[in-house]
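Descriptive analysis of the structure
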Amino acid sequence: MDSIPLRDGGLFRERRFGVAVAIALVLVLISTMVPAAAVYPPAWKLPLGNMLTTALEFLVEHISFITRAIAQVVQAPLVLASGLLANGMEIPFGNTRIELPPLSWAGIAGAVIWAGYYAGGFRLALLQALGCAYLLLFGQWNGAMLTLASVAVCVPVAVISGLLVGVLAHLRPKLNTWLLAPGLDIMQTVPAFAYLIPTLLLFGFGPVAAMIATVIFAMPPMARVTCLALNQTPVEIRELAKMIGCTERQTIWRILLPSVLPSLLVGLNQTVMMTLNMVIVASMIGAGGLGFDVLRALRQLDIDRGFEAGAAIVAIAVMLDRQGVAIAHLARPAEALRSRRWVWIAPIGFIIAMTLLGAEFGWLQNFPRELRFSTGGVLGDAVRWINVNYFDTMEALRVFVLSYLMNPIKIYLTTTPWIITLGFVAIGAYLIAGFRLALLSVFAFGFCLVDGLWDKAMITLYLCLSATVVATLIGIPIAILAARFDGLYRATTVAVEVLQTLPSFVYLIPAVMLFRVGDFAALLAIVAFAITPIIKFTMTALRAVPADLIEAGRSMGCSKSQLDRYILLPIAFPTILLGINQAILFALAMVVITALVGTRDLGQEVYMALTAADPGRGIVAGLGLAFLGIFIDRLFQAGVAGLQRRSHVNDGIGYEPVPSEVK
Amino acid sequence: MKKEIGQLSDSSVKLSCRNLWKLYGPFPERFAQESQLRQALNSGREFTALRDINLDIRHGEIFVVMGLSGSGKSTLLRCLTRLVEPSFGEVLLDGAPLTSLDAQGLMNIRRHKMAMVFQNFALLPHLTVAENIGLPLKIRGSDTAEINRVVPEMTALVGLSGMSQRLPHQLSGGQQQRVGLARALAGDPELLFLDEPFSALDPLIRRELQGEVIRLQSRLKKTMIFVTHDFNEAVRLGDTIVIMKDGKVVQTGAPEDIVANPIDDYVGSFVAGVDQTRVISCGRIAIPAKSSAYAVTVDDRAKIVEVADLVANSNGPVGVVDQSGHVSGEIDATTVLRMLASGSRERLAS
Ligand SMILES: Nc1ncnc2c1ncn2[C@@H]1O[C@H](COP(=O)(O)OP(=O)(O)OP(=O)(O)O)[C@@H](O)[C@H]1O
Ligand SMILES: [Mg+2]
């Protein structure tokens, strides 16, 4: 990475390089002479967290009666949805109460399979049927329906708010660049746990707070997709709207938005998956549902239960994602759903019929217990067997990675005086991307420093960097191999797509099962989560290399590996860097989750603030993570942009068609 | 300029512009005074897309704007519709200044009097042919009964009757542009703006659609402003052609006048590519009549190519008669032959 601007050696000759070296030397000197420049004195710590907590407490005291009232209102649909899908409802009726059972499993499963058939034909119907069968047979139905209820309530809210923000961003570009876009960045990079705390305080403990946090987390992709799609609508379409005399409102709602519906549906799908991800995470802190089941099982080291619940999460994610993709590919999704009423009526009728029949035939109401089965300890035994028989091998691997990769990085980052780390990062940022980014780096690292989070920030970076190194070492060879063969390429593409839809939490399960809690298990989980963008970007970039260049290489007599080495990889390099960038961001997001298995990073700080109900502390740590993430992202983007300017490479991925101006 | 507006008493003028300028650069959208315009012109930061354009477009004519890429045709068209705000000058519709209308007034004019056909069709991908055609009516708030009456009529008019339920991506390019035409005509506009409507189509389809425009025009008598960079298309369709270069008007006139008398080399290079016998009429090449009665006569508006057979087969010169049946001159086989020969030479060359 550090070779980006140095590639042609030109930088060494530039004066600013010399200046940078001089400054670095001075910093090293200072750090040896001034103790405060090596270890930040705790007395200098800014009580930002405490101030925030006090402010929030003041706020809670004075406005929580409003927010709690809102919570009451918002709760109604949530209660309704979970009542319908999972819990059943009690309705007061005169003096007695009528107990309504939840909807019949047979009805819901039938409707799900029907939806699969309608949107994706036989194959999707089969997938949905298998998914439902798994959930039913392994006793995960109830947890799954609870999860689904939260998703069903959150998605419309997230989608509508995302749509509105996206439209606003399109209509007011200035507002977008100065307020909305950075806001969305922060919403996506601050770990959700961090704003879970203030929402809990404001809206009370309960599912509503989780729901609001979920909406905050899941809304940005919808807003981004909407704004991007609107900005990219052809100029002619906008001129058409003007020429037929549309008002601004008509232009947006009747011309532009419907004409970009396919893109919006892609955004919708992303929102659904993000919602699921967040619902799982939120359920761990008491909302109940599959995430909670997994966490409990993990804590009790009940591998079978943990695995079964984890697989249920995977099943739901895949089912939702494939259904969403299929709907987005319908020729006229909106029309298809609007005009043919039987698409709705048939499954709803079926659900009602099954539920009514369920009153008569109990097995339609509750899936018969006798039919359920479980892996019954088999998995637990298998893992134990692996742990016993391969303990030495696995331990050797663990020790190897720890002592040759992780610990050196850790020791370097945690023992180097802060002023050197901060200074070097800033100088690097300046050389790669200029003054503004250097400022951003000082801000991001300085923020962690003055809030007394330096050590935790360094641990966070250490985990992310180690994981990114491992993910790159494993991911790039996989991608090179996959890019060579058509069949393998397609299979890997689908696999990566599916893996990316899985809630991040799922990745923790096998790692913890095999390696217990600790940094190495955390590393494995982060690698598993962060490797997908590397594979995806590398593979796509290699495939996008123009055919004539490859032919030129062949005609020179390159072997396959020479072709990779001298032609494909150099051309794909900028895009691969973008993949690595994504991987680091994924890793940062994952760090918060791995805090659940006891790493000592910023994620842990957030998590501890959550258990201590200390909102200020959580927000500060969350912001620290977000600033680091945003800095790394901008640094990579700038580096890649510089590279592309230099080599005029256009691989079709980092490239966005610039909407041509109205002539 | 006030006095020039006053001159517009000619009732046959539908749309016109006076001293129209368009400058791109760091300037306000519109200059209030001529001095500000002058200042901007000297600023060195301006790009002048239109300079001092004056045009009169007559009611019911096809007015073709022609020029090379970048000459400002699209900019002119868009200034006339105010899709692009002219920096200076007036646009007058039926003698009333369009340039001083507010947003609401402009919207009303566009809803009821104007329509546009786009180079890349600009069909909405999520609407069927019928819905696309009915869109302007819907937006302007027409009732369902009217939409249901007009849409099939327009669909039939452009020959797409069987396809009204298809989506745009299920149509060929030519069919898509037919939808574009039908949509533009659906609101029964007085003015039709077409920006290189057939440039994205292959030559055969292009000819077919040009024929369609001629046919529609003979029935509907709209005022059309038609942008093209294809001089043959301009000659075939235009009642008046204006030729532009670097944001300026180089020559304006009937196709025949331009073909017969190109004003400079720029125009001449366009003219060189056309077959003159298809453009120039007999009246123009006739020499004074030497006798008072001819066995064979031709109409003075007939194109040379149309009378070639007749002239070649007659013995001696053929009389040319004007609209009142009066003999105004004569042409002989040699002249016709010479024109035909030069026409085919050009065709060989091009
Ligand atoms: N938004 C703009 N900003 C700056 N310059 C512009 C803008 N729009 C157009 N121009 C310039 O104005 C000139 C005229 O453009 P215009 O689109 O009118 O040309 P045209 O004759 O329609 O060409 P074509 O045949 O390629 O469509 C061009 O040189 C173009 O670069
Ligand atoms: Mg143009």
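Residues numbered from 1 in each chain as written. Chains lettered and ligands numbered in written order. Predicted model: local features only at pLDDT ≥ 70, side-chain atom pairs only at ≥ 80, totals over all residues. Heavy atoms only, no water.

For chain B, the name recorded in an unreviewed UniProt entry is Glycine betaine/proline transport system ATP-binding protein, with Hyphomicrobium facile as its organism. Heading Sequence similarities (unreviewed entry) of the UniProt record for chain B holds this comment: "Belongs to the ABC transporter superfamily." (UniProt positions renumbered as here; feature names shortened; annotations may be inferred.)

In the nomenclature of an unreviewed UniProt entry, chain A corresponds to Glycine betaine/proline transport system permease protein from the organism Hyphomicrobium facile. According to the UniProt record, the Sequence similarities (unreviewed entry) comment for chain A is "Belongs to the binding-protein-dependent transport system permease family." Among the UniProt annotations of chain A, the heading Subcellular location (unreviewed entry) holds the following wording: "Cell membrane".

1. Remarks on the overall build of chain A
When you go through chain A residue by residue, the secondary structure sums to 29 helices and two strands. Over its C-alpha atoms chain A spans a radius of gyration of 27 Å, differing by no more than 12% from the 26 Å that the globule rule assigns to 663 residues. Referenced to the eigenvectors of the C-alpha coordinate spread, the extents of chain A come out at roughly 85 × 60 × 60 Å. Out of the 663 residues belonging to chain A, those deemed buried represent 51%. Carbon together with sulfur atoms contributes 68% to the accessible area of chain A, which is approximately 31600 Å² in total. Here chain A holds 44 positive side-chain charges and 37 negative ones, and the gap between their average locations is 5 Å. (Helix = DSSP H or I, 4+ residues; strand = E, 2+ residues; numbered from the N terminus. Rg over C-alpha atoms; globule rule 2.2 N^0.38 Å. Buried < 20%, exposed > 50% of the residue type's maximum accessible area, 1.4 Å probe, protein only. Areas by Shrake-Rupley, 256 points an atom, 1.4 Å probe, with all protein chains shown as cover. Lys, Arg positive; Asp, Glu negative; His and termini not counted. Charge placed at Lys NZ, Arg CZ, Asp CG, Glu CD.)

2. Section: helix H5 (residues 129-140) of chain B
Across the twelve residues that make up H5(B), a large majority, ten, are buried. Those residues of H5(B) lying buried are B:Val129, B:Ala130, B:Asn132, B:Ile133, B:Gly134, B:Leu135, B:Pro136, B:Leu137, B:Ile139 and B:Arg140. On the buried face of H5(B), the contacting elements are helix H10 (235-243) and helix H11 (248-259) of chain A together with helix H4 (103-113), helix H6 (144-157) and helix H7 (173-186) of chain B. Backbone geometry just downstream of H5(B) places B:Gly141 in the positive-phi region, at approximately 90 degrees. (Contact = heavy atoms within 4.5 Å.)

3. Concerning the UniProt feature "domain: ABC transmembrane type-1" (unreviewed entry) in chain A
Sites flagged by UniProt as "domain: ABC transmembrane type-1" (unreviewed entry) map to residues 144-331 and 457-636 of chain A. Across residues 457-636 of chain A, helical content stands at 85% and strand content at 0%; the span's end C-alpha atoms are separated by 19 Å.

4. Details of unusual backbone geometry
Glycine aside, the phi torsion of most residues is negative, and most peptide linkages are trans. A positive phi angle, near 50 degrees, is found at B:Asp188, a position not held by glycine. The residue B:Asp188 is located in the loop between H7 and strand S7 (191-195) in this model.

5. Re the packing of helix H8 (residues 192-203) of chain A against helix H9 (residues 207-231) of chain A
Residue and element names in this part refer to chain A. At their nearest, the axes of H8 and H9 sit 8 Å apart, and the two run at 140 degrees to each other. When the axes of H8 and H9 are compared, the pair comes out oblique. Crossing hand, H8 versus H9: right-handed. Side by side, H8 and H9 meet where Ala192, Tyr195, Leu196, Thr199, Leu200 and Phe203 of the first sit next to Val208, Ala209, Ala210, Ile212, Ala213, Ile216 and Phe217 of the second. Residues of the contact of H8 with H9, tallied by class, amount to twelve nonpolar, one polar and no charged. (Axes fitted to C-alpha atoms, helices over the stretch in contact; angles between N-to-C directions. Parallel < 35°, antiparallel > 145°, perpendicular 65-115°, else oblique. Left-handed = near helix turned anticlockwise from the far one by under 90°. Nonpolar A, V, L, I, M, F, W, Y, C, P; charged D, E, K, R; others polar.)

6. Some words on the domain arrangement of chain B
In many analyses, interface size is given as the accessible surface area lost on bringing the parts together. Residues and elements named next belong to chain B. Assigned domains within chain B: domain 1 (60-82 + 109-271) and domain 2 (278-349). Between domain 1 and domain 2, the C-alpha centre-to-centre distance is 34 Å. Tallying the contact residues gives seven residues for domain 1 and five residues for domain 2. Summed over both sides, the interface of domain 1 with domain 2 buries roughly 500 Å², with 56% coming from carbon and sulfur. (Domains from an automatic or database assignment. Buried area = accessible area lost by both parts, 1.4 Å probe.)

7. Focus: the environment of A:Ala547
Inspection of the secondary structure puts A:Ala547 in helix H26 (residues 547-555). Here the alpha-carbon distance between A:Ala547 and A:Ala213, two residues 334 residues apart in the chain, equals 47 Å.

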